[in-house]
Amino acid sequence: MRFSKLFGKTLRQAPAEAESISHQLLVRAGMIAQEAAGIYSYLPLGWRVLRKIENVIRDEMDKVGGQELMLPVLQPFELWQQSGRDIAFGKSLFTLTDRKDHMLALGPTHEEVITDLVHRYVQSYRELPLLLYQIQTKLRDEPRPRGGLLRVREFIMKDLYSFDADEAGLDESYRKMCQAYKNIYARLGLPALMIEADSGAIGGKDSHEFMVITEDGEDEVIHCSSCGYAANVEKAQSAKSLVSIHRSSESSQAKAKSMLPLEEIATPGTKTIEEVADFVGVPASQTLKAVFYFADGEFVFVIIRGDLEVNETKLRNALRCSDLRLATEIEVIGAGIVAGFASPIRMKRVKVVADDSITLGSNFIVGANKPGYHFRNANYPRDFQADLITDIALAKPGDSCPKCQGKLASARGIEVGHVFKLGTFISEKFEASFLDNDGKSRPITMGCYGIGLGRLLAAIVEKSHDANGIIWPLSVAPYQVYICPLSLDKPAVLPTAEEIYQALQREGIEVLFDDRDDSPGIKFNDADLLGIPLRLTLSPRTLQSQSVEAKWRAEKKARLLPLENLAPQVKRLLNHEASLNLEYHH
RNA sequence: CGGGGCGUAGCGCAGCUGGUAGCGCGCAGCGUUCGGGACGCUGAGGUCGGAGGUUCAAGUCCUCUCGCCCCGACCA
């Protein structure tokens, strides 16, 4: 490609709205252009990168036996009603009506369509397992697109669905897919961490996300440096026992003995946990905190140890509700609760959900549901009950690791892949079943596996750039070589560059030829901004010694290559680099 | 949906207490330059996001509206 003919323009300054590094660099390099919030065009350079990423993914999917197909973007709305996910997706689902007033959804994902399809084709266990995938545009009306390509409303995604006869089969498909994902990230030069993830209120049992740790990421990852435990904060656990060894070895009888009689104490003007704890003279972990929610319209009293925070994702899952919001103070009062002195002990009957932390301690301070009063020595279950006791606490940096008691830390990450064990939830809704070898009908066990291509592209830029621009790994670079002739008006420069351009292309090398009559500064800066891996510079100076200068984008130093037989030399350099990368990753 | 910010030339911005729009980059032409964003001269490009209002007069003041960005809520 001749630079002078390339559609797209490099910018010295990024648009003001570009905040994240990847957004700035991709726009400045002329790779993407914004159309509306969360809607982008890929310009020729960006599209070349995207197609390369796509081919790496396709290659790895095919290697594990995936079969590529193409499902429709327009989906009958009935399919979403059938799975019940029209409600779960809510407003994120783009819908429209056709000329006959028939409602259609623009596919945000394709479990419904593919399960409906598989249900019509698969009858026997002999046809399983099955791995079907597509690489296609997805549409989601995200409440808040952000960060350039990091979160958008229209994006290209590879989604694969696995269909197995049983859990064991699913486990095997899941394992294969995780390995394939790791291969993909390795080939793209992307350090991705596999972490435990939340699978949502109607998801299956296991779910993992692949995270690239970077400041511009929008997810929070909680991880332990001593044992490698890592999870999305939505899912992460932390050890809640404050004096773990002592307390876990304590018998329940000893605990019962240590319970003191419940006692009402005056705590005037103490509304917050800090005020109460200070007033009474105990740590926050010796108090109980009450928080109030509406879950699908039902008032819920949530109780948790005073030093912990509620993890709303966990709470939503525990309640199996789709809509969860904090109750307003007026609603709390309306439920007969004395705000600031709320108590599970002295109140009218409402649903109570407790964090399991309340079972780990004893003799807590808790509200008395009476203005200006708290109880001392509240103990579960002696003094109050709960409808549900489970882990609903938010893990925080500094907490103890649930696996090894090491210290947890927090980091920001970009989710570059998400895999789920769906189980039979969706196949049952669509009656996607098969006959096993005993002639019995059983639902197909499903898994789904997604990678967003644009986000992957952005993540690569986030992780691989310097002050001058992008540094593409060879595997996805829009071009492999950048030919940079200087002083075009001097004899031999342009004709020689032209010859090299032709010769490299004959070797099958992808070349961007900077044939513009511009100053060296402009050319070098653009070459750096675009991030083409190998730059070949020729000028009257290098031609004097019958050579060109070769420089890797990622390196400082350059070397001279003789003009004689240049193309095979460049080919060898590129092959060597490619093999180094593979070795490094495997 | 809550909070904050911003819409003036392709991009980055200036334009105060109202007086009829400017700078840098980029773009076009000519000339001089040519190893890390060179220089001179000439030139093209704007219904100041939109609608309504106040005023002799609105980019500037008022009302409404649309769009974009950030934080949060939300998020298979």
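The preceding data block contains the structure.
The model shown is predicted, which means the values in this text are computed figures rather than measured ones. (Residues numbered from 1 in each chain as written. Chains lettered and ligands numbered in written order. Predicted model: local features only at pLDDT ≥ 70, side-chain atom pairs only at ≥ 80, totals over all residues. Heavy atoms only, no water.)

## Here we look at helix α1 (residues 21–28)
Now for step 1: Along α1, the residues that are buried comprise Ser22, His23, Leu25, Leu26 and Val27.
Now for step 2: Looking at the buried side of α1, the elements it contacts are β1 (32–36), β2 (39–42), α13 (453–463), β25 (465–466), β26 (469–470) and α15 (520–530).
Now for step 3: Of the residues one or two after α1, Gly30 is the one with positive phi, at around 70 degrees. (Buried < 20%, exposed > 50% of the residue type's maximum accessible area, 1.4 Å probe, protein only. Helix = DSSP H or I, 4+ residues; strand = E, 2+ residues; numbered from the N terminus. Contact = heavy atoms within 4.5 Å.)

## Observations regarding the pattern of salt bridges
Now for step 1: Scanning the model with the defined rule gives 38 salt bridges in all.
Now for step 2: Here Lys240 and Asp355 are joined by a salt bridge, their closest N and O atoms 2.9 Å apart. Of the two residues, Lys240 sits in the loop between β12 (230–232) and α7 (244–249) while Asp355 sits in strand β17 (residues 351–355), which places them 115 residues apart along the sequence. Residue Lys240 shares its accessibility class with Asp355, and that shared class is buried.
Now for step 3: The salt bridge partner of Lys289 is Glu309, with a shortest N-O separation of 3.5 Å. A residue pair is termed long-range when its members are at least 10 positions apart, and Lys289 in strand β14 (residues 288–295) and Glu309 in the loop between β15 (298–305) and α10 (312–319) qualify at 20 residues.
Now for step 4: Residue classification places Lys289 among the buried positions, given a relative accessible area of 16%.
Now for step 5: One connected set of salt bridges, linked through shared partners, spans Glu142, Arg146, Arg151, Glu218 and Arg455. (Salt bridge = Lys/Arg side-chain N within 4 Å of Asp/Glu carboxyl O.)

## With respect to the protein's contact with RNA strand B
Now for step 1: Not every one of the 45 residues close to RNA strand B is listed here, only the nearest: Arg144, Arg151, Ser487, Asp528 and Glu549.
Now for step 2: Restricting attention to atoms of RNA strand B within 4 Å of the protein, one finds that 52% of them are sugar or phosphate atoms.
Now for step 3: Ala37 places a polar main-chain atom, nitrogen or oxygen, 2.8 Å from a phosphate oxygen of RNA strand B.
Now for step 4: Among the elements of the structure, β1, α4 (85–89), α10, β21 (408–423), α15, β29 (534–538) and α16 (540–544) are those that each provide at least two residues to the surface near RNA strand B.
Now for step 5: With 7 residues, the single largest contributor to the surface near RNA strand B is α15.
Now for step 6: Per-class residue counts for the surface near RNA strand B are 15 nonpolar, 10 polar and 20 charged. (Near = heavy atom within 4 Å. Polar contact = N/O pair within 3.5 Å; in protein donor to acceptor, adjacent residues only side chain to side chain. Nonpolar A, V, L, I, M, F, W, Y, C, P; charged D, E, K, R; others polar.)

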